[in-house]
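Below, each chain spelled out in residue letters.
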Amino acid sequence: MSSPFGTFRPPNISTDRIDGIGSWQTRDLANALLSGVSPTGTHYYPSFPYSSYAKMTVADVRDLMAFLRTLPAVAGKAPPHIPTLLFSIRRFVGFWKLLYFQRQPIIADPSRGDSWNRGQYLVEALGHCAECHSSRNVFGGIKPKTRFAGGKDPEGVGYFPNITPARIGDWTASDIAELLKTGNTPSHGRVGSSMTDVVTNTAMLPQEDRDAIAAYIKSLPTRPTPQP
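Small disclaimer: the values here were computed from a predicted structure and weren't measured.

## Some remarks on the pattern of salt bridges
In this structure the tally under the stated criterion is four salt bridges. Note that Asp109 and Arg112 form a salt bridge whose closest N and O atoms lie 3.9 Å from each other. When its relative accessible area of 38% is taken as the criterion, Arg112 is described as partly exposed. A salt bridge links Arg136 to Glu131; the shortest N-O distance between them is 2.7 Å.

## What to know about the packing of helix H5 (residues 114–126) against helix H9 (residues 207–218)
Interhelical geometry of H5 versus H9 gives an angle of 85° and a closest axis separation of 7 Å. Comparing their axes, H9 and H5 come out roughly perpendicular. Contact residues: Ser115, Trp116, Arg118, Gly119, Gln120, Leu122, Val123 and Glu124 in H5; Asp209, Asp211, Ala212, Ile213, Ala215, Tyr216 and Ile217 in H9. Across the contact of H5 with H9, the residue classes break down as eight nonpolar, three polar and four charged.

## Some remarks on H5
For H5, spanning 13 residues, the distance from its first C-alpha to its last is 17 Å, which sits close to the expected 18 Å at 1.5 Å a residue. Among the residues making up H5, those that are buried are Trp116, Asn117, Gly119, Gln120, Tyr121, Leu122, Val123, Glu124 and Ala125. Those residues of H5 that are buried are in contact with helix H2 (50–53), helix H3 (58–68) and H9. Downstream of H5 by a residue or two, His128 has a phi angle that is positive, lying close to 40°.

Criteria and cut-off values
Residues numbered from 1 in each chain as written. Predicted model: local features only at pLDDT ≥ 70, side-chain atom pairs only at ≥ 80, totals over all residues. Heavy atoms only, no water. Salt bridge = Lys/Arg side-chain N within 4 Å of Asp/Glu carboxyl O. Buried < 20%, exposed > 50% of the residue type's maximum accessible area, 1.4 Å probe, protein only. Axes fitted to C-alpha atoms, helices over the stretch in contact; angles between N-to-C directions. Helix = DSSP H or I, 4+ residues; strand = E, 2+ residues; numbered from the N terminus. Parallel < 35°, antiparallel > 145°, perpendicular 65-115°, else oblique. Contact = heavy atoms within 4.5 Å. Nonpolar A, V, L, I, M, F, W, Y, C, P; charged D, E, K, R; others polar. Expected span 1.5 Å × (residues − 1).

Shown next, in the form of structure tokens:
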């Protein structure tokens, strides 16, 4: 992934014991997802969206590790990251965490239904939707006033749309759930860019989870789309 902060490459997460995470314990995965720390104690770059994954439940981390252990081992390491000078010092990532990394758990809202609360968890933690659908400052932190209101594609090839009512307020919850299943929009268009990969995954969710995501997105506060 190219970005203003450098080029970052996803690592091998197969069960290969040398090149992948086959030697990891469940606690190693938990530290990576919930704290952004490697088994050797190194800070991960926030291109790995642990700032959202940190809201995952421990039970889900255990389940994820159980699934990952069923995958075949694949040899080979990704090429190294090429961060900009600012991020080339890993200790700076620790400073970034002090500013932008919060491990606040998601609190269920008793005034909302089970579907909305499930949607909040899926959107804010597992789906990490705000990581793309927001604008960032010069240090890579999400600008709170633009959360879910859209932002530049970090690879410089487009713009992630505003998914608050300011942009999709006329969409029904069914419209949103349908997009997550088929990639089709209410205006007979189709999603593109990296959202096609997202839909490939959300299409495999049970319908009740897509409905839950839609319910939560429909409840987002209206925010104007930031200028590119």
